[in-house]
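Each chain, letter by letter, is given below.
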Amino acid sequence: MLQALADGILTGAIIALGAIGLTLTMGILRFANFAHAELITWGAYMALAAVSLLGPLGGPIGPFSFGLPLILGTIAAMALTSVLALAIDGLVFRQLRGTSNHLTLVFASFGVSLLVRMLILLIFGGAATYYSNTLQIAIPVAPGLRLMPDQLFALGLAAVLVVALYLFLQHTRLGLSMRALAENPDLTRVNGVSTARVIRWTWIIGASLAAVAGVLYGLTVQLRPEVGFHLILPLFAAAILGGVGNIPGAVIGGMIVGLAESFAVFILPPGYKMAVPFLILLAVLYVRPTGLFAGTAGAAK
Amino acid sequence: MSDALLTVSGVVAGYRRDLPILHGISLEVHRGELVTIVGPNGAGKSTLIKAIAGLVPISEGRVELDGTDITSLATHKMGSASVAYVPQTDNVFTTLTIDENLRLGAAALPRSLAKDRIAQAYKRFPALRDHRDRKARVLSGGQRQLLAFARSLLTEPALLMLDEPSAGLSPAAVSEVFGHLTDLSKDGITILMVEQNVKAALAISDRTYVFAEGENRIDGPSGVLADDPDMKAIYFGGTKRSTHAASAG
């Protein structure tokens, strides 16, 4: 039971990191970006590429399975994923924004996600892989609960990033502009804010968090080209559960989806685990389509 | 007019290039004046203000502020060109606190200056200071209007443009809001506003323009226009005429 709780929180943290970027871009750019999940895969594989290049820089640190190469690789992955997100926006979404309806953008994002997934398949192949072959021994954290050091690291990093992002949104001018843009783009412009610049930073932040989510997934589960594809539904479930544009909502939404997936195995055959986020999404859209926390916290729309 | 702050000449504008809403509007606002635009629904009053603010594309004509061409300036650069605009609806960020609304309005200023200006705003509008950490959605219609004024004044604009500041307000709130407008005008702020509440607007403004069907039909000192029979003709059907009831200024 305790083990399921810990696993759920870990899955939830990874979903939350991805869902934050999704909820930000959905809130600010006002369309459902199905390509967001592919940024997670891209980030994971960019870190893998960096690790294979930087390998000689050092072995595992302490109890963890990774060392300096993966830490630097994660930073590189954040940068390279931001570049991809900005390129996609510049080449596809910006061309369609303003002149096309939302559905056109949504379908364009489907196309982009296929393209990115196939590109990864082409470069890295379809086989599952890992950042490191170092074997880890799970350490007992509490009675009935054993966690790997990497899993604890993933939880810690996710928590730090969520708190940092929250402080950024609350206390910086850029964060304030992002929240304002999510509510009312015209009024934000009238107040002298360059919305193009804010949109650029929204992509960079969303893509960077997606890259970290990808690395943490690769670190605690495994790397596969369809990582993003399998995360699309949980990400949307988390973002919509929390209310589009609502950062704390996306984090809580991610946790709910992660825990639900993890506890579902007690009542459902494991094969149905994938259906859990879908059921949550359906339930939310049916009962509270604006999300659980609409109009109560953060940058709710 | 030598002292014109804002000069609009022959402006043709609309959301779509092939469907202009304004068919050649010309007007002037002089330094320190409070000028009102009135006219029936669909006359293009709000469209003109949005076009000046850069939110509606201008296809012909020219907008000058203090001799500088601002016809096609991007909306987010209007602030540095000293033009502030308060939209009719959704003119505050309801998900942000009152303090955050003001901080956003001052985001283009250096930090220390922003702090001073926000302190000044609270001095002018003490009701806002009392609720500074609450979300703007808790404010009444009149208080929202004052917050929007306060926010747009932070950059000390040369020209303040208001789109129907009395819309949806109770009579008491209208007189409070208009009282503040009179004070702002007395302090030397140049104001161009669109109003549906013709009587109240004529009472506080220096000059008034009457729009109909995307053209300006009549203009003159508000006191003279208040008694003008043509005003009624415009309001009840808008016959085509271009007579000026009185020459400007």
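A.B. asks: I would appreciate a short explanation of the overall build of chain A in the present structure.
C.D. replies: Helix and strand counts for chain A come out as 11 helices and 2 strands. Along the chain direction, N to C, the helices and strands of chain A fall in the order α-α-α-α-β-β-α-α-α-α-α-α-α. The C-alpha atoms of chain A give a radius of gyration of 19 Å, which matches the 19 Å a tight globule of 301 residues would have. Counting only C-alpha atoms, chain A reaches 55 × 45 × 35 Å along its principal axes. Sorting the 301 residues of chain A into buried and exposed places 52% on the buried side. Counting contacts in chain A only where the partners sit at least 6 residues apart, residues at least 24 apart contribute 76% of the total. When the 14 basic and 8 acidic side-chain charges of chain A are each reduced to a single mean position, those positions are 8 Å apart.

A.B. asks: Explanation requested: the overall build of chain B in the structure shown.
C.D. replies: Helix and strand counts for chain B stand at 9 helices and 10 strands. A globule of 249 residues ought to have a C-alpha radius of gyration of about 18 Å, and chain B, at 18 Å, matches this closely. Each of the three principal axes of chain B carries a C-alpha extent, and together these read 50 × 35 × 35 Å. With 249 residues in all, chain B has 52% of them scored as buried.

A.B. asks: I'm lost on the sheet that holds strand β1 (residues 4–13) of chain B in this one. Help?
C.D. replies: Two strands in a sheet stick together by hydrogen bonds in their backbones, pointing the same way (parallel) or opposite ways (antiparallel). With antiparallel pairing, the 4 strands of this open sheet are ordered in space as β2-β1-β4-β5 (chain B). With one partner strand each, in any of the chains shown, β2 (22–30) and β5 (68–69) of chain B form the two edges of the open sheet.

A.B. asks: What's the story with the interface of chain A and chain B in this structure? I'm lost.
C.D. replies: Accessible area lost during the coming together of the parts is what is often quoted as the interface size. Chain A puts 20 residues into the contact, and the matching count from chain B is 25 residues. Here chain A and chain B share an interface that buries about 2,000 Å² over both sides, 55% of which is from carbon and sulfur atoms. Here E100(B) ties to R179(A) by a salt bridge, and the two come within 2.7 Å at their closest N and O atoms. One can count 7 residue pairs in polar contact (both at pLDDT 80 or more) joining chain A with chain B.

A.B. asks: Explain the side chain of T23(A) here, please?
C.D. replies: Turning to its location among the elements, T23(A) is positioned in helix α1 (residues 2–29). Given a relative accessible area of 0%, T23(A) falls into the buried group.

A.B. asks: Help me out: how do you make sense of the pattern of salt bridges in this one?
C.D. replies: A side chain of one charge can pair with a side chain of the opposite charge if their charged atoms are brought near each other. Residues and elements named next belong to chain B. Scanning the model with the defined rule gives 16 salt bridges over all chains in all. For the salt bridge of D69 with R62, the shortest nitrogen-to-oxygen distance reads 3.1 Å. Classification of R62 as partly exposed rests on a relative accessible area of 35%. Measuring nitrogen to oxygen at the nearest pair gives 3.9 Å for the salt bridge that ties R217 to E213. Overlapping salt bridges, with partners in common, bring together R62, E64 and D69 in one network.

A.B. asks: Explain the packing of aromatic side chains here, please?
C.D. replies: Each aromatic ring pair is summarised here by two numbers: the centre-to-centre distance and the angle between the ring planes. Residues and elements named next belong to chain A. With the rule as written, the count across this model stands at 10 aromatic pairs over all chains. Ring centres of F66 and F153 lie 4.8 Å apart, and the angle between their planes is 55 degrees; on these two criteria the pair is classed as tilted. Taken together, the positions of F66 in the loop between α2 (36–54) and α3 (68–96) and F153 in helix α5 (residues 149–171) put the pair 87 residues apart, joining distant regions of the chain. Residue F66 is classed as buried on the basis of its relative accessible area, which comes to 6%. The class for F153 is partly exposed, based on a relative accessible area of 28%.

A.B. asks: When you look at helix α5 (residues 141–153) of chain B in this model, what are you seeing that I'm missing?
C.D. replies: Side chains that are three or four residues apart share a direction in an α-helix, a result of its 3.6 residues per turn. All names here are of chain B. Its 13 residues place the ends of α5 19 Å apart at the C-alpha level, agreeing with the 18 Å of an ideal helix rising 1.5 Å per residue. For α5, the buried fraction is high: 10 of the 13 residues fall into the buried class. Buried within α5 we find G142, Q145, L146, L147, A148, F149, A150, R151, S152 and L153.

A.B. asks: I keep staring at the nonpolar core and nothing clicks. Help me out?
C.D. replies: A general feature of soluble globular proteins is that nonpolar side chains tend to end up buried together. Residues and elements named next belong to chain A. Core analysis: the largest hydrophobic core is formed by 92 residues, its most contacted members being L17, I20, L70, Y131, L235 and F236. Sorting elements by how many residues they give to this core places helix α8 (residues 195–220) first, with 14 residues. Excluding anything up to four places from it in sequence, Y131 contacts A44, A47, L48, V51, L70, G214, V215, G218, L219 and L223.

A.B. asks: Explain the sheet that holds strand β6 (residues 83–86) of chain B here, please?
C.D. replies: Residues and elements named next belong to chain B. Strands sit in the order β6-β7-β8-β3-β9-β10 across an open sheet of 6 strands; the sheet is mixed. Each edge of the sheet is formed by a strand with only one pairing partner; in this case those strands are β6 and β10 (215–221). Put simply, the sheet's adjacent strands are angled 15 degrees from each other on average, direction ignored. Bridge count between strand β7 (residues 159–163) and strand β8 (residues 190–194): 5 bridges; the pairing is parallel. When the sheet's bridge partners are listed, D163 is paired in β8 with V194. Strands in contact with helix α1 (residues 45–52) are β3 (34–38), β6, β7, β8 and β9 (207–212); relative to β8, the strand with the most contacts, it is inclined by about 135 degrees.

A.B. asks: Would you explain unusual backbone geometry in this entry?
C.D. replies: Backbone geometry follows two general trends: most residues other than glycine have a negative phi, and most peptide bonds adopt the trans configuration. Its identity is not glycine, yet R30(A) carries a phi of approximately 60 degrees, on the positive side. Looking at the secondary structure, you find R30(A) in the loop between α1 and α2. A relative accessible area of 25% places R30(A) in the partly exposed class. One non-glycine residue, E164(B), adopts positive backbone phi at about 45 degrees. Within the secondary structure, E164(B) is located in the loop between β7 and α6 (171–186).

A.B. asks: Would you take a moment to explain a nonpolar patch on the surface for this structure?
C.D. replies: A grouping of M1(A), V265(A), F266(A), I267(A), L268(A) and Y272(A) is seen on the molecular surface, where their side chains present a nonpolar patch of about 680 Å² in accessible area. Mapping L268(A) onto the fold places it in the loop between α10 (247–264) and α11 (275–287).

A.B. asks: How should I be thinking about the environment of V221(A) in this particular structure?
C.D. replies: If you trace the backbone, V221(A) turns up in the loop between α8 and α9 (227–242). Distance from V221(A) to Q151(A), taken between C-alpha atoms, is 9.6 Å for residues 70 residues apart in sequence.

A.B. asks: Is there a simple way to explain the packing of α1(A) against helix α6 (residues 173–183) of chain A in this structure?
C.D. replies: When two helices pack together, their arrangement is given by the angle between the helix axes and by the axis-to-axis distance. Residues and elements named next belong to chain A. Where α1 contacts α6, the axes come no closer than 7 Å and their chain directions differ by 55 degrees. Compared by their axis directions, α1 and α6 come out oblique. Residues L24, G27 and I28 of α1 form the contact with α6, whose participating residues are M178, L181 and A182. A per-class count over the contact of α1 with α6 returns 5 nonpolar, 1 polar and no charged.

Scoring rules and cut-offs
Along each chain, residue indices are assigned from 1 in the same order as the chain's sequence is written. Lettering of chains starts at A and numbering of ligands starts at 1, both following the order in which they are written. Reporting in this predicted model follows two pLDDT cut-offs: at least 70 for local features of residues, and 80 or more for side-chain atom pairs to be given and counted; totals over whole chains, interfaces and linings ignore these cut-offs and use all residues. Heavy atoms throughout the structure, all of them, feed into the side-chain values; hydrogens and water do not. Helix and strand labels come from DSSP, where a helix needs a run of H or I of at least four residues and a strand needs a run of E of at least two; each type is numbered from the N terminus. The globule rule used for comparison is 2.2 Å times the number of residues to the exponent 0.38, while the radius of gyration itself is calculated over C-alpha atoms. Each residue is placed in one exposure class: buried if its accessible area under a 1.4 Å probe, protein chains only, is under 20% of its type's maximum, exposed if it is over 50%, and partly exposed if it falls in between. Should any heavy atoms of two residues lie within 4.5 Å, those residues are counted as being in contact. In this count, Lys and Arg are taken as positive residues and Asp and Glu as negative ones, while His and the chain termini are left out. The atoms used to mark charge sites are NZ of Lys, CZ of Arg, CG of Asp and CD of Glu. Two strands qualify as a pair provided DSSP detects at least 2 bridges between them. For any pair of parts, buried area is found by adding up, for both, the accessible area (1.4 Å probe) each one loses once the two are put together. A carboxyl oxygen of Asp or Glu within 4 Å of a side-chain nitrogen of Lys or Arg is what we treat as a salt bridge. Here a polar contact is taken to be a pair of N or O atoms separated by no more than 3.5 Å, where protein atoms must pair a possible hydrogen donor with a possible acceptor and residues adjacent in sequence count only if both atoms sit in side chains. Working definition: rings of Phe, Tyr and Trp (its six-membered ring) pair if their centres are within 6.5 Å, and the pair is stacked with planes under 30 degrees apart, edge-to-face with planes over 60 apart, and tilted otherwise. By definition here, a helix of n residues has an expected span of 1.5 Å times n minus one. By convention a nonpolar core is built from buried Ala, Val, Leu, Ile, Met, Phe, Trp, Tyr and Cys residues, the set being connected through side-chain atoms within 4.5 Å. Between N-to-C directions, angles span 0 to 180 degrees; the directions come from axes that are lines fitted to C-alpha atoms, helices contributing only their stretch in contact. Distance thresholds for patches are 9 Å for like charges and 5 Å for nonpolar side chains (Val, Leu, Ile, Met, Phe, Trp, Tyr), applied to residues having over 30% relative accessible area and no salt bridge. What sets the accessible areas is the Shrake-Rupley method with a 1.4 Å probe; for residues, cover comes only from the shown protein chains. Each angle receives one of four descriptions, namely roughly parallel if under 35 degrees, roughly antiparallel if over 145, roughly perpendicular if within 65 to 115, and oblique otherwise. The classification used treats Ala, Val, Leu, Ile, Met, Phe, Trp, Tyr, Cys and Pro as nonpolar, Asp, Glu, Lys and Arg as charged, and all other residues, Gly among them, as polar.

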